[in-house]
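The primary structure of each chain is shown beneath.
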Amino acid sequence: MKGIKNKVVVITGGTRGIGFETVKKFLSNGAKVALCGSKKETVDKALEELKGISEKYEVIGFYPNLLNPKEIDEMVDTILEKWGKIDVLINNAGVSDNKSIYDQAPEHFEKILDINIQAIFNCTKIIAEVMKEEKKGVILNTSSVVSLYGQKTGVGYPTSKFAVNGLTKSLARELGKDGIRVNAVAPGVIETDMVKALDKNIIDAISKTIPLDRLGTSEDVANAFLFLASDMASYISGEILSVDGAVVI
Ligand code: NAD
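Everything quoted here is computed from the prediction, not taken from an experiment. (Residues numbered from 1 in each chain as written. Predicted model: local features only at pLDDT ≥ 70, side-chain atom pairs only at ≥ 80, totals over all residues. Heavy atoms only, no water.)

K.L.:
What's the story with the pattern of salt bridges in this structure? I'm lost.
P.N.:
A side chain of one charge can pair with a side chain of the opposite charge if their charged atoms are brought near each other. A full pass over the atoms with the stated rule returns ten salt bridges. The closest approach of N and O atoms between aspartate 87 and lysine 85, which form a salt bridge, is 3.1 Å. (Salt bridge = Lys/Arg side-chain N within 4 Å of Asp/Glu carboxyl O.)

K.L.:
I'm lost on the pairing of strand 4 (residues 88-91) in this one. Help?
P.N.:
In regular strands, side chains alternate between the two faces of the sheet. Burial of the side chains of strand 4 extends over both faces: Val88 and Ile90 are buried on one face and Leu89 and Asn91 on the other. As judged from the three bridges shared by strand 1 (residues 8-11) and strand 4, these two strands associate in the parallel manner. Looking across to strand 4, one finds that valine 10 is bridged to leucine 89. The pairing of strand 4 with strand 5 (residues 137-142) spans four bridges and is classified as parallel. Each bridged residue has a counterpart across the sheet, and for leucine 89 the counterpart in strand 5 is isoleucine 139. In this region the chain leaves strand 4, passes through helix 4 (residues 106-134) and returns to the parallel neighbour strand 5; the handedness of that crossover is right-handed. (Buried < 20%, exposed > 50% of the residue type's maximum accessible area, 1.4 Å probe, protein only. Helix = DSSP H or I, 4+ residues; strand = E, 2+ residues; numbered from the N terminus. Pairing = 2+ DSSP bridges. Right-handed = clockwise from strand over helix to strand, strands pointing away.)

K.L.:
Would you mind showing me how to read empty space enclosed by the protein here?
P.N.:
It is the rolling of a water-molecule-sized probe over the atoms that shows where space remains empty. With the rule as written, the count across this model stands at one cavity of 30 Å³ or more. Sort the elements by how many residues they give to the lining of the largest cavity and helix 4 lands first, with four residues. (1 Å grid on protein atoms, 1.4 Å probe; cavity = no way out; pocket = protein on both sides within 12 Å on 5 of 7 lines; lining within 4 Å. Points joined across faces, edges and corners; volume = space filled by probe spheres on them.)

K.L.:
Any chance you could explain the sheet that holds strand 3 (residues 59-62) here in plain terms?
P.N.:
Through backbone hydrogen bonds, the strands of a sheet pair up, either in parallel or in antiparallel fashion. Strand order in the open sheet made by the seven strands is 3-2-1-4-5-6-7, with parallel pairing throughout. The open sheet is flanked by strand 3 and strand 7 (240-243), the only strands paired with a single partner. Across the sheet, the mean angle from the axis of one strand to that of its neighbour is 20°, orientation sign disregarded. Running at roughly 170° to strand 1, helix 1 (residues 17-28) makes contact with strand 1, strand 2 (32-36), strand 3, strand 4 and strand 6 (180-187) of the sheet. Sheet contacts for helix 3 (residues 69-83): strand 1, strand 2 and strand 3; angle to strand 3, the most-contacted strand, approximately 165°. (Axes fitted to C-alpha atoms, helices over the stretch in contact; angles between N-to-C directions. Contact = heavy atoms within 4.5 Å.)

K.L.:
I keep staring at the nonpolar core and nothing clicks. Help me out?
P.N.:
Across soluble globular proteins, nonpolar side chains have a tendency to be buried as a group. Counting 32 residues, the largest nonpolar core has Val10, Ile79, Ile86 and Ile139 as its most contacted members. At the level of elements, strand 1, strand 2, strand 3, helix 3, helix 4, helix 6 (156-175) and strand 6 are the ones that each hand at least two residues to this core. In terms of residues, this core owes the most to one element, helix 4, which gives nine residues. Each residue touching isoleucine 79, except ones within four places of it in the same chain, is listed here: Val8, Val10, Ala34, Phe62, Gly84, Lys85 and Ile86. Val23, Ala31, Val185 and Val243 belong to the second largest nonpolar core, which has 29 residues in total. (Core = buried A, V, L, I, M, F, W, Y, C linked by side-chain atoms within 4.5 Å.)

Next up, the structure:
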């Protein structure tokens with residue numbers, strides 16, 4: 001893909017699922033990737049798996065607490081010492097929720113918003129400063145189909161994803177003058193490990209509700225990130241790109 005080779009890309013939640021597939025997609029297109037996870041063990045495991053695919057991949061692992069700006073600063077300093085720039089930030093780390101409001105402590109709601117929205121703010125604030133110096137950069141956020149329709153239980157999750165859309169559209173307007181594009185990808189039902197573990201009948205039943213008649217794959221979502229990060233999308237900013245097979249939930 002045009003404009004990806006040698007780009008320095010930071011991907012949060014890069015140890016598994018959509019994030020790990022996105023890491024592989026950018027590495028195989030010649031990017032240098034800072035892979036972030038929440039724990040040393042899962043980051044090490046992901047790096048080991050990548051080494052098995054290609055010894056030539058340029059990837060470093062980090063496990064900063066995304067709610068602690070000081071730890072994000074330290075990660076950014078290390079990336080800049082090694083690679084001298086950051087071209088793309090993919091805010092992908094996230095947690096889902098399906099607990100009824102009647103069973104939720106206020107702290108539970110706060111925790112979902114912390115990782116799904118506060119962490120994006122923290123990473124974006126610090127990395128946008130770096131991009132501003134270069135007068136260019138791309139910030140991509142992970143929204144969800146629930147940001148269009150809400151969901152039946154687990155109110156924190158759709159609330160956080162509506163906020164991701166608001167943050168994306170607003171930052172596209174604020175940061176455009178600094179040469180920074182900001183977009184989001186809104187996945188539908190994606191076949192990550194959690195979904196793969198479900199009974200085949202359940203998966204078939206879900207698939208029937210999707211006009212394209214299948215679940216999405218992590219690669220479908222990674223392809224959308226790659227396109228939005230590339231020069232092919234050089235005049236696209238403030239967009240929420242649905243990758244959902246036209247599902248209506
Ligand atoms: P996943 O659970 O497989 O991966 C989530 C990633 O986020 C992991 O790498 C995990 O380490 C990281 N993470 C979670 N909590 C963290 C924390 N406190 N600090 C740092 N990292 C943390 O999930 P996934 O399905 O691959 O989802 C990735 C993104 O896509 C999420 O933002 C999710 O909301 C969104 N999404 C997923 C689907 C789907 O169907 N899978 C649909 C719509 C949106």
